[in-house]
Amino acid sequence: MSLRNDLYHGTNDIDFRPIWKRTLPASLALMVASFIALVALGLNLSIDFEGGGIFEVPVSDDVSVADARGAISVTEVRIQTVEDIDGNRFIRVQTGSEVLGQSDLIVAELAALGEVTVDDVSVNTVGPTWGDQITTRALQALAVFVVVVAIYLAWRLEWRMAVGALVAVVHDLVITAGVYSVFRFEVSPATVIALLTIMGYSLYDTVVVYDKVLENSEDAGRLRNGYTAMVNASMNQVLMRSINTTITTVLPVLSMLVFGGFFVGGGNLRDFALALFIGLMQCVAMVPG
């Protein structure tokens, strides 16, 4: 029978041990590359974390980023063009908190660039204190999540399994953060919520395997073939369940990312779905290992 039929009928008997030998070095390499990217490039944090301002002005199609840069006297800014769901074009200027005192000047210059009044310029500012509070609370949420999960897994399973599960979580988070660093995706509060969701999903997949391992470890016949063989059999037993769970999760997330984020124009929805999609793709890639 083919592998597809074996999976469908639950009779698959894949030898994961050679796959583990290949995926472990690949995972380590990805983690090291992600860590290097984080150290060298950092993360593209939104103003919710860093503080600063975002200014948007409607412009015609012939106004470029270069035109906007020449019209604005403040140099410490990031400029890009954006469009809403109706196809209207805007120049977006993002500044750090250190130049918030020049907000009125930036608004006036953008109004002149777009040939509109200052009331037509959209302004969104966040002070540095608020940004620090958001960053601190996000880190606290991650720390509390890790501690609570470690205690629960050590009680429900055993401490070595708790360590393994947390290593898997760190693996998924570091690689996701590395992707954000390399491609300069913006990290927003919605991204942090998605990362917490990824942590939960990663733990779910791991705990499903561990629970089956514990169940099979009570079978003396399975243990007679060795612990590694018993773990291999456990993974075969839960493989189809993991595949089905991943597919049914990826499809709605992809729908949110494509239709909700890009067609409807929901910024928070896009940030949430993008981080989820990156994390879930790791699960798809690592299902065999």
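It should be noted that the structure appears before, not after, this text.
Here is what the cut-offs are and how they apply
- Residues numbered from 1 in each chain as written.
- Predicted model: local features only at pLDDT ≥ 70, side-chain atom pairs only at ≥ 80, totals over all residues.
- Heavy atoms only, no water.
- Core = buried A, V, L, I, M, F, W, Y, C linked by side-chain atoms within 4.5 Å.
- Buried < 20%, exposed > 50% of the residue type's maximum accessible area, 1.4 Å probe, protein only.
- Helix = DSSP H or I, 4+ residues; strand = E, 2+ residues; numbered from the N terminus.
- Contact = heavy atoms within 4.5 Å.
- Phe/Tyr/Trp six-rings, centres within 6.5 Å; stacked < 30°, edge-to-face > 60°.

(A) Quick peek at the nonpolar core. Membership of the largest hydrophobic core comes to 39 residues, with the highest contact counts inside it found for Leu153, Tyr180, Leu203 and Val213. Taken together, the elements giving at least two residues each to this core come down to helix 6 (128-156), helix 7 (159-183), helix 8 (189-217), helix 10 (227-263) and helix 11 (267-286). Sorting elements by how many residues they give to this core places helix 8 first, with 11 residues. Those residues in contact with Val213 that lie beyond four places of it in its chain are Met161, Tyr227, Met230, Val231 and Ser234. Core analysis: the second largest hydrophobic core is formed by 18 residues, Ala68, Val93, Ile106 and Leu110 among them.

(B) Just the packing of aromatic side chains, in detail. For the structure shown, the criterion picks out three aromatic pairs. For the ring pair Tyr152 and Trp155, a centre distance of 5.8 Å and an interplane angle of 55 degrees mean the geometry is tilted. Here Trp155 and Tyr152 lie together in helix 6, a separation of three residues that amounts to about one turn. Relative accessible area serves as the criterion here: at 45%, Tyr152 is assigned to the partly exposed category. Owing to a relative accessible area of 67%, Trp155 belongs among the exposed residues under this scheme. Aromatic pair Tyr180 and Phe185: ring centres 5.5 Å apart, planes at 75 degrees, arrangement edge-to-face. Taking the relative accessible area as the measure of exposure, Tyr180 reaches 2% and is therefore buried. Among the aromatic residues, ring-to-ring pairing joins Tyr180, Phe183 and Phe185 into one connected group.

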